Amino acid sequence: MLRWIRAWRRRRRGVPTRGQQAASSALHRAECARDAGHERAPLVSEAAAELRAARRENHFAERIRLTLEGGR
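Residues numbered from 1 in each chain as written. Predicted model: local features only at pLDDT ≥ 70, side-chain atom pairs only at ≥ 80, totals over all residues. Heavy atoms only, no water.

## What to know about the overall build of the protein chain
Next up, step 1: Looking only at helices and strands, the protein chain features two helices and zero strands.
Next up, step 2: Among the 72 residues that make up the protein chain, the fraction classed as buried is 1%.
Next up, step 3: Split by element, the accessible area of the protein chain, about 7000 Å² in all, is 56% carbon and sulfur. (Helix = DSSP H or I, 4+ residues; strand = E, 2+ residues; numbered from the N terminus. Buried < 20%, exposed > 50% of the residue type's maximum accessible area, 1.4 Å probe, protein only. Areas by Shrake-Rupley, 256 points an atom, 1.4 Å probe, with all protein chains shown as cover.)

Spelled out as C-alpha coordinates, the structure:
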(Lines give C-alpha, C1' and ligand atoms only; values in the text may rest on other atoms or scores of the structure.)
Protein backbone atom coordinates (compact mmCIF):
# COMPACT_ATOMS: atom_id res chain seq x y z
CA MET A 1 0.00 0.00 0.00
CA LEU A 2 2.80 2.38 0.86
CA ARG A 3 4.47 1.76 -2.51
CA TRP A 4 1.23 2.63 -4.27
CA ILE A 5 0.95 5.93 -2.36
CA ARG A 6 4.55 6.86 -3.19
CA ALA A 7 4.01 6.05 -6.85
CA TRP A 8 0.84 8.14 -6.85
CA ARG A 9 2.68 11.11 -5.31
CA ARG A 10 5.46 10.88 -7.91
CA ARG A 11 2.94 10.89 -10.74
CA ARG A 12 1.18 13.92 -9.33
CA ARG A 13 4.41 15.92 -9.13
CA GLY A 14 5.20 15.27 -12.77
CA VAL A 15 8.38 13.31 -12.07
CA PRO A 16 8.88 10.84 -14.91
CA THR A 17 8.98 7.16 -14.02
CA ARG A 18 12.00 5.00 -14.79
CA GLY A 19 10.25 3.67 -17.87
CA GLN A 20 9.53 7.18 -19.12
CA GLN A 21 13.14 8.20 -18.50
CA ALA A 22 14.39 5.14 -20.38
CA ALA A 23 12.04 5.86 -23.28
CA SER A 24 13.16 9.48 -23.39
CA SER A 25 16.82 8.44 -23.43
CA ALA A 26 16.18 5.88 -26.17
CA LEU A 27 14.37 8.49 -28.26
CA HIS A 28 17.27 10.92 -27.84
CA ARG A 29 19.80 8.27 -28.89
CA ALA A 30 17.69 7.36 -31.93
CA GLU A 31 17.40 11.01 -32.96
CA CYS A 32 21.16 11.49 -32.63
CA ALA A 33 21.83 8.36 -34.68
CA ARG A 34 19.38 9.53 -37.36
CA ASP A 35 21.07 12.94 -37.55
CA ALA A 36 24.51 11.32 -37.78
CA GLY A 37 23.24 9.06 -40.56
CA HIS A 38 21.92 12.03 -42.51
CA GLU A 39 25.28 13.77 -42.15
CA ARG A 40 27.13 10.71 -43.49
CA ALA A 41 24.75 10.08 -46.39
CA PRO A 42 26.74 12.05 -49.03
CA LEU A 43 29.97 10.29 -48.07
CA VAL A 44 28.31 6.89 -48.23
CA SER A 45 26.78 7.65 -51.63
CA GLU A 46 30.14 8.77 -52.97
CA ALA A 47 31.90 5.65 -51.68
CA ALA A 48 29.17 3.42 -53.13
CA ALA A 49 29.54 5.08 -56.53
CA GLU A 50 33.31 4.51 -56.45
CA LEU A 51 32.82 0.85 -55.53
CA ARG A 52 30.27 0.37 -58.33
CA ALA A 53 32.70 1.91 -60.85
CA ALA A 54 35.55 -0.30 -59.65
CA ARG A 55 33.37 -3.41 -59.84
CA ARG A 56 32.27 -2.50 -63.36
CA GLU A 57 35.90 -1.98 -64.47
CA ASN A 58 36.96 -5.28 -62.93
CA HIS A 59 34.07 -7.07 -64.58
CA PHE A 60 34.97 -5.83 -68.06
CA ALA A 61 38.68 -6.46 -67.52
CA GLU A 62 37.89 -10.04 -66.52
CA ARG A 63 35.67 -10.57 -69.57
CA ILE A 64 38.36 -9.19 -71.89
CA ARG A 65 40.99 -11.40 -70.26
CA LEU A 66 38.80 -14.48 -70.63
CA THR A 67 38.09 -13.64 -74.28
CA LEU A 68 41.79 -13.24 -75.06
CA GLU A 69 42.65 -16.47 -73.27
CA GLY A 70 39.99 -18.37 -75.17
CA GLY A 71 37.57 -18.73 -72.31
CA ARG A 72 33.89 -17.92 -72.47
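Now, onward.
## Describing the pattern of salt bridges
Side-chain pairs of opposite charge can arise where the charged atoms are in close proximity.
Next up, step 1: Within this structure, the stated rule accounts for three salt bridges.
Next up, step 2: For Arg34, the salt bridge identified is with Asp35, shortest N-O distance 3.8 Å.
Next up, step 3: Residue Arg65 pairs with Glu62 through a salt bridge whose shortest N-O separation is 2.4 Å. One end of the pair, Arg65, and the other, Glu62, are both in helix 2 (residues 18-68), three residues apart, so they sit about a helical turn from each other.
Next up, step 4: A relative accessible area of 36% means that Arg65 is categorised as partly exposed.
Next up, step 5: You can call Glu62 partly exposed: its relative accessible area is 35%. (Salt bridge = Lys/Arg side-chain N within 4 Å of Asp/Glu carboxyl O.)

## What about helix 2?
Next up, step 1: For helix 2, with 51 residues, the first-to-last C-alpha span of 70 Å sits near the 75 Å given by 1.5 Å per residue.
Next up, step 2: Along helix 2, the sharpest kink reaches roughly 45°, centred on Arg40 and followed within four residues by the proline Pro42.
Next up, step 3: Following helix 2 by one or two positions, Gly70 adopts a phi angle in the positive range, close to 90°. (Expected span 1.5 Å × (residues − 1). Bend = angle between axes of the 7 residues up to and from the residue.)

## Examining a nonpolar patch on the surface
Next up, step 1: The grouping of Met1, Leu2, Trp4, Ile5 and Trp8 at the surface amounts to a nonpolar patch, some 610 Å² of accessible area in total.
Next up, step 2: By the secondary structure assignment, Trp8 is in helix 1 (residues 2-13).
Next up, step 3: Since its relative accessible area comes to 39%, Trp8 is described here as partly exposed. (Patch = residues over 30% accessible without salt bridge, like charges linked within 9 Å, V, L, I, M, F, W, Y side chains within 5 Å.)

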